[in-house]
Structure formats: structure tokens, C-alpha cells
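One letter stands for each residue in the lines below.
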Amino acid sequence: MPVSSSVSSSRRFGPRLMAVAAAAGVVVAASASARPPSPVPSTPEQPITPPAVLAEPEVDSATLARLREDVRAVRATGVVGVLGEVDTGAGRLPARSGVADRATEAAMPLNGYFRIGSTTKTFVATVVLQLAGEGRLALDDTVEKWLPGVVRGNGNDGREVTVRQLLQHTSGIPEYLRPATSPRQWRRERLRTWQPGQLVALAMKRKPSFAPGAEWGYSNTNYVLAGMIIRRVTGYDWAEEVRQRVLTPLALRHTVIPGADPYLPDPHARAYTRFTPDAKLTDVTTHDQTLGDAAGAMISTTGDLNRFFRALLGGRLLAPAQLAEMRKTVPAKALQAMGVTGAAYGLGLMYRPLSCGGGYWGHGGDEAGFSTRAGVAGDGRRSVAVEVTSRSPADLKALLRTDRALSTLVDHALCGTG
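Residues numbered from 1 in each chain as written. Predicted model: local features only at pLDDT ≥ 70, side-chain atom pairs only at ≥ 80, totals over all residues. Heavy atoms only, no water.

A.B. asks: Describe helix α9 (residues 238–247), with residues and values.
C.D. replies: Most of α9 is tucked away, with 10 of its 10 residues classed as buried. Those residues of α9 that are buried lie in contact with α3 (120–133), α8 (221–234), α10 (293–296) and α11 (302–313). Measuring from the side-chain oxygen of the N-cap residue of α9 to the backbone nitrogen of Ala239 gives 2.9 Å; that N-cap residue is Asp237. (Buried < 20%, exposed > 50% of the residue type's maximum accessible area, 1.4 Å probe, protein only. Helix = DSSP H or I, 4+ residues; strand = E, 2+ residues; numbered from the N terminus. Contact = heavy atoms within 4.5 Å. Polar contact = N/O pair within 3.5 Å; in protein donor to acceptor, adjacent residues only side chain to side chain.)

A.B. asks: Help me get a handle on the packing of aromatic side chains, residues and values and all.
C.D. replies: One pass over the full model with this rule turns up five aromatic pairs. Plain terms: the ring middles of Tyr351 and Trp361 are 4.9 Å apart, the flat faces sit at 55 degrees to each other, and that makes the pair tilted. Residue Tyr351 is found in strand β13 (residues 350–353), and its partner Trp361 is found in strand β14 (residues 359–367); the two are separated by 10 residues along the sequence. Overall, Tyr351 belongs to the partly exposed group, its relative accessible area being 24%. Judged by relative accessible area, Trp361 falls into the buried class, the value being 7%. Put simply, the rings of Phe123, Phe308 and Phe309 touch in pairs and so form one group of aromatic residues. Looking at Arg102, its charged tip hangs above the ring of Tyr272, at a distance of 5.7 Å from the centre. (Phe/Tyr/Trp six-rings, centres within 6.5 Å; stacked < 30°, edge-to-face > 60°. Lys NZ or Arg CZ within 6 Å of the ring centre and 35° of its normal.)

A.B. asks: With reference to specific residues and values, describe the environment of Asp411.
C.D. replies: Relative to the helices and strands, Asp411 resides in helix α14 (residues 396–415). Sequence separation between Asp411 and Tyr360 is 51 residues; the distance between their C-alpha atoms is 8.9 Å. Look past the residues within four positions of Asp411 in its chain and what remains in contact with it is Pro353, Leu354 and Ser355.

A.B. asks: Pulling in residues and values, what's your account of the pattern of salt bridges?
C.D. replies: Under the criterion given, the structure shown has 21 salt bridges. Salt-bridge contacts for Glu241 lead to Arg245; the nearest nitrogen and oxygen are separated by 2.7 Å. One end of the pair is Glu241 and the other is Arg245, both in helix α9 and four residues apart, which spans about a single turn. No difference in accessibility class separates Glu241 from Arg245, as the two residues are buried. Each of Glu134, Arg136, Glu241 and Arg245 takes part in one network of salt bridges that share partners. (Salt bridge = Lys/Arg side-chain N within 4 Å of Asp/Glu carboxyl O.)

A.B. asks: Report on the pairing of strand β2 (residues 81–87), specifying residues and quantitative values.
C.D. replies: For β2, the buried fraction is high: seven of the seven residues fall into the buried class. Here β2 shows no split at all, with Gly81, Leu83, Glu85 and Asp87 on one side and Val82, Gly84 and Val86 on the other all buried. Pairing of β2 with strand β3 (residues 92–98) involves seven bridges; the strand directions are antiparallel. Each bridged residue has a counterpart across the sheet, and for Asp87 the counterpart in β3 is Arg92. Connecting β2 to the antiparallel partner β3 that follows it, the hairpin turn spans four residues, and Gly89 within it adopts a positive phi of roughly 90 degrees. Across six bridges, the pairing between β2 and strand β16 (residues 383–388) is antiparallel. Looking across to β16, one finds that Val82 is bridged to Val388. (Pairing = 2+ DSSP bridges.)

Here it is, written out as C-alpha cells:
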């Protein structure tokens, strides 16, 4: 039985880069005339404690050796640091390369905290699907039903968009984010706090990308709206629902929803980016996460991400009917056009083929100097989570080199290629 059944119903960047399916790179919202009020910070239910340091197990030496080789290959694409972890079911296998801090040259912390960006979307989609399973909303409800008048203007119409289309990125609702172009712009915006309604209002200044249901197109606005719907249905913020329905039942003690707190828990690596292809690296570790909201605000570790995806695909969080809905995909043609062969998108979950046959389910995330890749093989036997600690959205060629190396790492890890 999925753990959701035990939760009381009374509880509660440029167009091409956006297609990389993760709010790619360091982003700021369009400027506003006044600083919005700070929301109440979303704090964990218990004090944050450092994750246990992983000892490198002696099991599956071939997988570990290949993981180390692939981590070094990702590092060779020009990133600052890489941490990968494979869970074979028999043990957790970590590997790292590069440094956590360019000044001190400290090693990447094993199981350190990092910002997971759009991997947040899978957690949020899980809550929405739990609510659907409880009969508290329907996937084919319109956005207008739950958020009257919110999606309006410039051709946007919440009466024509469904909850399912939000989760699947087939709504056509435009993106609210745009890339920062300089360290000065980044510093000016990095501690600004945002309310979800303000983010959606920014998106409503733009025309729809396409008619609802006509295409697939990645937009972070979809998940800001999903978070707002969770609050309308339950009376509680999306972050509280994720904690009660996912983090607590799975004992994901090192997954954090920081709210307006701009700092990462320790231990963590520092994050870096280049705002132009030829610029120096800028440290972008510390910033307010309300800009990401339900589209990308969470912090986690490789260990917790492996546990989450294994539990989700193993049926511990969703009843069979809702897990089946999550796995109903449409072709992610924008990703396929960028070389992501066979990519398809479900409800907050992506599918990609594996070279050894079959495929895997997971979700990536890219934001503010961090890249995350996580997924589980279709048979559930193996999972992988990877953290990269520099991301330069201004340099598309560099991004694609790193993405190819990450894809190879994930493929080898889930195929058991030694």
C-alpha cells in the first residue's frame, strides 16, 4: 500500500536551454518595481544534520570502477566538481572527481547537500497524484477550477488548461524565468523573495507557446501553478505537503525545502557559473530559492534522491492507478531535437532508453551552478544520482558536452556496464 494512504486527508532560460528540461542555469525573473514581501520560510521538521559519510563498499567492483571512470569523464568536460552514487540494492557506490571549493581545493563531500533544481518537480507531481488518488482533485480538472482568474491575459486561459497538462508540460503556458547575463545582475537579484502569484503574473505577460495539448514544451510556470493548486486543495503550502507525504514517510532526512533561506546546509560543495562563454567563473552558491518555488526549490543528497526514486517507481508512494498515470508519456520532441534520443515525458517524470535495452525513469535539474541527474532502471534493480557543481547556461556547446557525459554515466550505471 502506498504510504500516501496513511496520510490524513486533513493534512495537508533562453528558449533552447529551457528545452533541456530543467530550468537550465542561473536565472532571475523579470524585474519588478518593488521588492515583494518575504514569505514565511519553509523549515524542516527537525534540525538539519550532516549526512553520514559513505564508506566505499567492496561489492560490485566493476560498477564502482566504471563509475569512477565516468565521473572523471564528466569532470573533463570542464566542470568544477562531480559526485555520483549508484545504488545496486546490495550497496551504495560513490565516486567523485574535481573539487568542492576552488579556493581551498577541498574534495567533493560524499553525500553532501546540493540544490536539485527541477528534480523538485517529481516530488510535487507525486503529491498532486496522491491528491488525485484520494479523490480531492482530478487530473482533468481545469486550472481555472482551482485558481480562478490566475491564468489569464495575452491569450493565456486557465479554462482551457488541465492539471494533467501542467504536470506533463503540454499546457503551452509560457516560461517566467530568463537567464542572468552578468555577475552584477545576479548579485542584484539573488536575495530577492517572490510569491508564487508574482511568478505566474510574470509569465502572463507573454503569449502562450502553443495551444493547450498541441505540443510538449518545458515551462517552470506549470509547476508553480501545480504548487498553488496543492495549497488550494489542501490548505497547506506545497512544501508542507511534500514533507508530510514524501520526506517523512521515506525518512529522507537530508532533503530540505529552504523557503527564503539562501544558504545550503553543511557539508556542501560551492556552485559556480559563467555568465558569458568567455567569462570567469562566479560563485553562485548562496541565493534565495523562492524564485524556483515548486518548480525547483529543493535541496537534497545523492543518497536521498536514490531512495526517493526507488520508492516512487517501486510503488511505495503512489497506488498502481496513479503510478500508471505518472508513467503515461508523450514524446519530448524539443529534447529529441537536441540529441536526447527517445526522450519522453510523463507527469513529472521523464523516460529515456538505455543502451542495454529497456529504459529508465527519472528527472534532472539545472540551476544556479548545480546540475542533477537521477533515475531508476525500468526493472527497479539499480538507481543513480549525480551532482555537478558548475553550470554555464551561456555556453550551449559546453552544456551539451557535459550533458552527453552525464548521459553516458547514467547509462553505464543503470545497465551495469563494468
